[in-house]
Amino acid sequence: MNISSVVIRVLPENTEHLVGQLKDSDLCDYHLHDEGKIIVTIEGEGISEEIAKLKKIQAIKNVLSAEMMYSYSENELDQERDKIEKSDGIKPWLNDNSKDAGLINYDGDLKKKKL
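Here goes a summary of the coordinates provided. Owing to the predicted nature of the structure, the values given are computational and were not obtained by experimental measurement. Chains are numbered independently. Their residues run from 1 in the order of the written sequence. Residues qualify for local features only when their pLDDT is at least 70, as the model is predicted, and side-chain atom pairs are given and counted only at 80 or more; totals for whole chains, interfaces and linings, by contrast, use all residues. Neither water nor hydrogens contribute to the side-chain values; these are computed over all heavy atoms in the structure.

1. What to know about the overall build of the protein
Link 1 in the chain: Runs of H or I in DSSP of at least four residues are treated as helices and runs of E of at least two as strands, each being numbered from the N terminus. Secondary structure summary: the protein contains three helices and four strands in total.
Link 2 in the chain: Counting from the amino terminus, helix and strand elements in the protein follow one another as β-α-β-β-α-β-α.
Link 3 in the chain: The buried share of the protein, taken over its 115 residues, is 24%.
Link 4 in the chain: Sequence-distant contacts in the protein: of pairs separated by 6 or more residues, those separated by 24 or more amount to 62%.
Link 5 in the chain: Areas reported as accessible are Shrake-Rupley estimates using a 1.4 Å probe. Residue values count occlusion only from the protein chains shown. On the protein, roughly 8,800 Å² of surface is accessible, and the fraction owed to carbon and sulfur atoms is 53%. Between buried and exposed lies partly exposed: a residue is buried under 20% and exposed over 50% of the maximum accessible area for its type, with that area taken using a 1.4 Å probe on protein chains only. Contacts: residue pairs with any heavy atoms within 4.5 Å of one another.

Dropping the structure here:
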């Protein structure tokens, strides 16, 4: 089971109406809001189910943005731990000090990642 927090931004005048919509939906659990910001959590069996729910929230009328802020993936974490335990350990090139670290391609920022 995965659970993620989502911050939803809306114009202040649309906050109360959108809170009502989110509470009535089966997409998320509402937690709190302030003028222009709403905090919810979404759950799913995997990340793909969570992303599908996030996209539906993003498509709601008057939502300016909706972004995951924190995500916990119990099953996926266990799977990754198993992979690490079964692997050969740290790749030798990661400990090679003669390599220029600036040449490592980092794709950790999904907003800037080229698909």
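2. Examining a nonpolar patch on the surface
Link 1 in the chain: A cluster of nonpolar residues, Ile 3, Met 69, Tyr 70, Tyr 72 and Leu 77, forms a patch on the protein surface that exposes about 480 Å² of accessible area.
Link 2 in the chain: Here the nonpolar patch takes three residues from strand β4 (residues 63-73), the largest share from any one element. By definition, no residue in a patch forms a salt bridge, and every one has over 30% relative accessible area; like charges are joined within 9 Å, nonpolar side chains (Val, Leu, Ile, Met, Phe, Trp, Tyr) within 5 Å. Any carboxyl oxygen of Asp or Glu within 4 Å of a side-chain nitrogen of Lys or Arg constitutes a salt bridge here.

3. What to know about the layout of surface pockets
Link 1 in the chain: Here the second largest pocket defines a volume of roughly 170 Å³.
Link 2 in the chain: Think of a 1 Å grid over just the protein atoms. A cavity is a set of points where a 1.4 Å probe fits yet cannot get out, a pocket is an open set with protein on both sides within 12 Å along at least five of seven lines, and lining residues have an atom within 4 Å of a point. In this structure, the second largest pocket is lined by Trp 93, Leu 94, Asp 96, Asn 97, Lys 99, Asp 100, Ala 101, Leu 103 and Ile 104.
Link 3 in the chain: Any residue outside Ala, Val, Leu, Ile, Met, Phe, Trp, Tyr, Cys, Pro, Asp, Glu, Lys and Arg is labelled polar, Gly included; the first ten of those are nonpolar and the last four are charged. Counted by class, the lining of the second largest pocket contains five nonpolar, one polar and three charged residues. Grid points are joined across faces, edges and corners, and a volume is the space filled by probe spheres set on the points.

4. Section: unusual backbone geometry
A negative phi holds for most residues other than glycine; trans holds for most peptide bonds.
Link 1 in the chain: In this model, Asn 62 sits at a positive phi of 80°, which is unusual for a non-glycine residue.
Link 2 in the chain: Along the polypeptide, Asn 62 turns up in the loop between α2 (47-58) and β4.
Link 3 in the chain: For Asn 62, a relative accessible area of 34% corresponds to the partly exposed category.

5. Things to note about helix α1 (residues 15-24)
Link 1 in the chain: Among all positions in α1, only Thr 15, Leu 18, Val 19 and Leu 22 are buried. Seen end-on, α1 carries its buried residues on one side only, within an arc spanning 105°. Across from the buried face of α1, at angles greater than 90 degrees, the exposed residues are Glu 16, His 17 and Asp 24.
Link 2 in the chain: On its buried face, α1 is in contact with β1 (2-10), β2 (29-34), β3 (37-44) and β4. To obtain the arc, one takes the directions from the helix axis to the C-beta atoms.

6. Section: the sheet that holds β4
Link 1 in the chain: What makes two strands pair is DSSP finding at least two bridges between them. Pairing within the open sheet is antiparallel, and its four strands lie in the order β2-β3-β1-β4. Each having just a single partner strand, β2 and β4 make up the two edges of the open sheet. Geometrically, the sheet is characterised by an average inter-axis angle of 20° between neighbouring strands, direction not taken into account.
Link 2 in the chain: Strand direction decides the pairing type here: β2 and β3, joined by five bridges, are antiparallel. Bridging across to β3, Asp 34 finds its partner in Lys 37. Axis definition: a line fitted to C-alpha atoms, over the contacting stretch in the case of helices. Angles run 0 to 180 degrees between N-to-C directions.

7. A short note on α2
Link 1 in the chain: With 12 residues, α2 should reach 16 Å at 1.5 Å per residue; the first-to-last C-alpha distance of 16 Å fits that figure.
Link 2 in the chain: All buried positions along α2 are accounted for by Glu 50, Lys 53, Leu 54 and Ile 57. Buried residues of α2, viewed axially, fall in a sector of 100°; they line one side. Seen from the open side of α2, the exposed residues pointing more than 90 degrees away from its buried face are Ser 48, Lys 55 and Lys 56.
Link 3 in the chain: Where α2 is buried, its residues meet β1, β3 and β4. For a helix, the expected span equals 1.5 Å multiplied by the residue count minus one.

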